[in-house]
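In case you want the letters, here they are:
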Amino acid sequence: MNNYKIVVQYDGGRYKGWQRQGNGDSSIQGKIENVLSEMTGSQVEIIGCSRTDAGVHAMSQIVNFKISEQYSAKEVKNYLNKYLPHDISVIACSIEVDRFHARYNAKDKTYLYKIWNKEYTHPFMRKYSMHVEQKLNIAAMKQASSHFVGKHDFTAYSNAKSKKKSMVREIYAIHLEEEAGFLQIRVIGDGFLYNMVRKIVGTLIEVGSGRIKPDHIPGIIESKKRDQTGPMAEACGLYLEKVKF
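Predicted model, so just to flag it, every value in this text is computed and none were measured.

**Thoughts on helix α1 (residues 28-40)**
Here is step 1: Between the first and last C-alpha of α1 there are 19 Å, a value that for 13 residues agrees with the 18 Å anticipated at 1.5 Å per step.
Here is step 2: The buried fraction of α1 amounts to eleven of the 13 residues, a majority that puts the element mostly inside the structure.
Here is step 3: Taken together, the buried positions of α1 are occupied by I28, Q29, G30, K31, I32, E33, V35, L36, S37, M39 and T40.
Here is step 4: On the buried face of α1, the contacting elements are β1 (2-10), β3 (57-67), α2 (73-83) and β4 (88-96).

**What to know about the packing of helix α3 (residues 138-145) against helix α4 (residues 196-208)**
Here is step 1: At a closest axis distance of 8 Å, the pairing of α3 and α4 adopts a crossing angle of 135°. Of the possible angle classes, the one that applies to α3 and α4 is oblique. At the point where α3 passes α4, the crossing takes the right-handed sense. Within the contact between the two elements, α3 uses A140, M141, A144 and S145 and α4 uses L204, I205, V207 and G208.
Here is step 2: Looking at the contact of α3 with α4 residue by residue, the class counts come to six nonpolar, two polar and no charged.

**Section: the nonpolar core**
Here is step 1: Ranked by size, the top nonpolar core spans 71 residues in total, and within it I32, F148 and I185 carry the most contacts.
Here is step 2: The biggest single contributor to this core is α4, with seven residues.
Here is step 3: F148 has contacts with F154, Y157, I171, I174, I200, T203, L204, I217 and I221, leaving out every residue within four places of it along the chain.
Here is step 4: Listed in part, the five residues of the second largest apolar core include L112, W116, F182 and Y239.

**Here's the deal with the packing of α1 against α2**
Here is step 1: Two numbers describe how α1 lies on α2: the axes approach to 10 Å, and their chain directions differ by 120°. Judged on the interaxial angle alone, α2 and α1 are oblique. Considering the relative orientation of α1 and α2, their crossing is right-handed. Mapping the contact onto sequence places I32, V35, L36, E38 and M39 in α1 and V76, Y79, L80 and Y83 in α2.

**A short note on the pattern of salt bridges**
Here is step 1: The full count for this structure, using the stated rule, is nine salt bridges.
Here is step 2: Between K66 and D98 there is a salt bridge, with the nearest N and O atoms lying 3.1 Å from each other. Of the two residues, K66 sits in strand β3 while D98 sits in the loop between β4 and β5 (108-116), which places them 32 residues apart along the sequence.
Here is step 3: On the basis of relative accessible area, K66 is assigned to the partly exposed category, the value being 36%.
Here is step 4: Among the salt bridges present, the one from R186 reaches E241, with a minimum N-O distance of 2.8 Å.

Cut-offs and rules
- Residues numbered from 1 in each chain as written.
- Predicted model: local features only at pLDDT ≥ 70, side-chain atom pairs only at ≥ 80, totals over all residues.
- Heavy atoms only, no water.
- Helix = DSSP H or I, 4+ residues; strand = E, 2+ residues; numbered from the N terminus.
- Expected span 1.5 Å × (residues − 1).
- Buried < 20%, exposed > 50% of the residue type's maximum accessible area, 1.4 Å probe, protein only.
- Contact = heavy atoms within 4.5 Å.
- Axes fitted to C-alpha atoms, helices over the stretch in contact; angles between N-to-C directions.
- Parallel < 35°, antiparallel > 145°, perpendicular 65-115°, else oblique.
- Left-handed = near helix turned anticlockwise from the far one by under 90°.
- Nonpolar A, V, L, I, M, F, W, Y, C, P; charged D, E, K, R; others polar.
- Core = buried A, V, L, I, M, F, W, Y, C linked by side-chain atoms within 4.5 Å.
- Salt bridge = Lys/Arg side-chain N within 4 Å of Asp/Glu carboxyl O.

What is shown is where atoms sit, not what they do.
Below, the structure is given as structure tokens:
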């Protein structure tokens, strides 16, 4: 079997997330698998490094798949870009060793969240950022973000339904940066639970708005109560930015 790795970018606005959900046309995974299956003449299953939620975007989703057919990396890349929708692009393709696995070999992931923090909307970025009209207290948000760093049980920060899987994750760093009206929040960690990054950003917005104090964050994490985190940030502002192997 030949093991291929592709790097995918997509606008997740009109999809129900990465993961195939029966109707392949409603997911990113389904779209890519359909094109690869047409190319090879047999069913192809792909593995993504992260299962992004509905409406979430990706700058660098890493994918691998194994097929018996032998194609050059260029042939695979060109075929996918010819037949995929214009809101999904393959920016790189390579042939990897058999043991390469897009999910299990990932060492850390970086998610980027974009907030447009002005009193007026941004006409060109309204589908790709969350508009927060109130001026946010960035210093307080930075102080609050430090409490998320480290290994914690993030039950309060997930909407995952399964109680069998571990809710422990490690966040390596959270960076906040202001740039031309945008507040960009980068969250780097070993992995993330369902809705985890959006819930963390939602809490940081509450802190920046003065509704939650920075020193309340440890108590919220320790409570494991999902109703303590504040409103979840919108999907449109979230991007899977980078994955390290």
